[in-house]
Amino acid sequence: MNYLVLDVETPNSKNDSICSIGVQLLTEDKITDEWYTLVDPEDAFEDFNISIHHITPEMVEGAPRFEEVWERLAPYCGSRVFVAHNAEFDLTVLAKALEKRGMKLPDITYLCTVDLGRRIHYNYGNVKGDLVLSNLANNLGVELTEHHNALYDTRACSGIFLRLREIYDFDPAAFVRRFRYPKHAKKPFFVRGRRENNIKSV
């Protein structure tokens, strides 16, 4: 099984645009390529986001737009499993960015290293903070030199995935999911108007 590992950073809280992305290709558990780019989000930056990743509007001037980045990513959707830390976030950003531009989301299958850490390494017994990328990387002895830089976060995500494979020798296929967007709201346990009718008098 071959993988595309990625991390994205966003300019604001709408999470429908990207200001940087890091990618690594894993082929038979070997890193065969990697790339990083700033991205012109064609959108406003918020101070909170800048305080996290330190990317400013001036830095993305002249950078590739999302369409150019997606042109490079899209061919891998059918041939590789995407891997990310808290993958639903990164993939939802991609989906929303495509939706914003009237572009179609292709079929994507993925693995999430948060899910793998929770289920395999901590056996569901961890506290939430243990699954933060920096904490999980440190626990597994994986280098993360510049957190919230998309390239370094991608490298750490790859390292976590490969380290978990090394320690636990699990079959990744058992953890692969199909990405769904948009998310459908869960139905309430009780249907309005029926609850009272289903309760027996005593």
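In this report, we go over the structure that sits alongside the text. Along every chain, residues carry numbers that run from 1 in the direction the sequence is written. This being a predicted model, a pLDDT of at least 70 is required before a residue's local features are given, and a value of 80 or more before pairs of side-chain atoms are given or counted; all residues contribute to the totals for chains, interfaces and linings. In computing side-chain properties, one takes all heavy atoms of the structure into account and sets aside hydrogens as well as water.

Looking only at helices and strands, the protein chain has 7 helices and 6 strands in total. Labels follow the DSSP assignment, with helices taken as runs of H or I lasting at least four residues and strands as runs of E lasting at least two, numbered in each case from the N terminus. The helix and strand sequence of the protein chain, counted from the amino end, reads β-β-β-α-α-β-α-β-α-α-α-β-α. When the backbone C-alpha atoms are referred to their principal axes, the protein chain occupies close to 70 × 40 × 35 Å. By the burial criterion, 44% of the 202 residues in the protein chain qualify as buried. Residue contacts follow a heavy-atom distance rule, with two residues in contact if any of their heavy atoms lie within 4.5 Å. A separation of at least 24 residues holds for 64% of the contacts in the protein chain among residues at least 6 apart in sequence. Only the protein chains shown count as cover for residues, and the accessible areas themselves come from Shrake-Rupley with a 1.4 Å probe. About 11,500 Å² of surface is accessible on the protein chain, with carbon and sulfur atoms providing 48% of the total. Counted as positive: Lys and Arg. Counted as negative: Asp and Glu. His and the chain ends are not counted at all. In this description, the location of a charge corresponds to atom NZ of lysine, CZ of arginine, CG of aspartate or CD of glutamate. Side chains of the protein chain give 25 positive and 30 negative charges; the mean places of these two sets differ by 13 Å. Working definition: with a 1.4 Å probe on protein chains only, accessible area under 20% of the residue-type maximum means buried, over 50% means exposed, and in between means partly exposed.

Axis angles are defined between N-to-C directions and span 0 to 180 degrees, where every axis is a line fitted to C-alpha atoms and, for a helix, only to the segment in contact. Put simply, helix 4 (residues 113-121) and helix 5 (residues 133-140) touch, their axes get as near as 11 Å, and they point 50° apart. When the interaxial angle is binned, helix 4 and helix 5 end up oblique. As helix 4 runs across helix 5, the sense of the crossing is left-handed. Two secondary-structure elements touch here, helix 4 through Thr113, Gly117 and His121 and helix 5 through Leu136, Asn139 and Leu140. Think of it as three bins: nonpolar holds Ala, Val, Leu, Ile, Met, Phe, Trp, Tyr, Cys and Pro, charged holds Asp, Glu, Lys and Arg, and polar takes everything else, Gly as well. Here the contact of helix 4 with helix 5 is built from residues that sort into 2 nonpolar, 4 polar and no charged. Roughly parallel means an angle under 35 degrees; roughly antiparallel means over 145; roughly perpendicular covers 65 to 115; every other angle is labelled oblique. For a crossing to be left-handed, the near helix must be turned anticlockwise from the far one by less than a right angle; the clockwise case is right-handed.

Note: strands within a sheet are paired through backbone hydrogen bonds, in either parallel or antiparallel orientation. The rule for pairing is simple: two strands pair if DSSP sees at least two bridges between them. Spatial strand order, 3-2-1-4-5-6: 6 strands in an open sheet with mixed pairing. What marks the edges here is a single partner per strand, and that holds for strand 3 (30-38) and strand 6 (177-178). The sheet contact formed by strand 2 (residues 20-27) and strand 3 spans 8 bridges and is antiparallel. Pairing of Gly22 across the sheet is with Tyr36, part of strand 3. The sheet contacts of helix 4 involve strand 4 (81-84), strand 5 (109-112) and strand 6, and relative to strand 5 the element is tilted by about 50°. Lying over the sheet, helix 6 (residues 150-168) contacts strand 1 (3-9), strand 2, strand 3, strand 4 and strand 5, oriented at roughly 30° with respect to strand 2.

Every α-helix carries 3.6 residues per turn, so stepping three or four residues along brings you back to the same face. By the burial criterion, the buried members of helix 2 (residues 66-73) are Phe66, Val69, Trp70 and Leu73. Projected down its long axis, helix 2 shows its buried positions confined to an angular sector of 100°, all on one face. If you follow the buried residues of helix 2, they end up packed against strand 1, strand 2, strand 3 and helix 3 (87-100). Directions pointing from the helix axis toward each C-beta atom define the arc.

With 51 residues, the main nonpolar core has Leu6, Ile21 and Leu73 as its most contacted residues. The leading source of residues in this core is helix 3, at 7 residues. Apart from residues no more than four positions distant in its own chain, Leu73 is found in contact with Leu4, Ile21, Val23, Trp35 and Leu94. Grouped together as the second largest cluster of nonpolar side chains are 6 residues, Cys19, Phe45, Ile55 and Val60 included. What makes a nonpolar core is a set of buried Ala, Val, Leu, Ile, Met, Phe, Trp, Tyr and Cys residues whose side-chain atoms join them at distances within 4.5 Å.

Nothing here speaks to function; it is all geometry.
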